[in-house]
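Given next are the chains, with one letter for each unit.
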Amino acid sequence: MSRLKNFARALTEPRQGFSADGRTLGLGLATALNEQRKDAEAVAAVAETLRKDAEGHTIHG
C-alpha cells in the first residue's frame, strides 16, 4: 500500500529541485518554495474558517 501511496504522491506533487519549466533549482530553494506554499495554504484556511465563523454574526452598537 505504501508503494501505491508514494506513486500517487509522485504524480500529484512537483519534483523536488525542479521548477515548472524544467530548470533545476537548488534543493534548498525547492524546499523553501514548498514551505511558502504550505504557509499560504494555512493562511487561506484560517481566513476561510474566520469567514465562516463570522457569517450570521453581527455587531450591535
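No experiment lies behind these values; they were computed from the predicted model shown.

(A) Quick peek at the pattern of salt bridges. Counted by the stated rule, this structure contains three salt bridges. Where Glu 35 meets Lys 38, a salt bridge forms, and the shortest distance between an N and an O atom there is 3.6 Å. Of this pair, Glu 35 and Lys 38 both sit in helix α2 (residues 27-54), three residues apart, which is roughly one turn of the helix. Accessibility expressed as a relative area gives 38% for Glu 35, which makes it partly exposed. Across the pair Glu 41 and Arg 37 runs a salt bridge whose closest N-O atoms are separated by 3.1 Å.

Cut-offs and rules
Residues numbered from 1 in each chain as written. Predicted model: local features only at pLDDT ≥ 70, side-chain atom pairs only at ≥ 80, totals over all residues. Heavy atoms only, no water. Salt bridge = Lys/Arg side-chain N within 4 Å of Asp/Glu carboxyl O. Helix = DSSP H or I, 4+ residues; strand = E, 2+ residues; numbered from the N terminus. Buried < 20%, exposed > 50% of the residue type's maximum accessible area, 1.4 Å probe, protein only.

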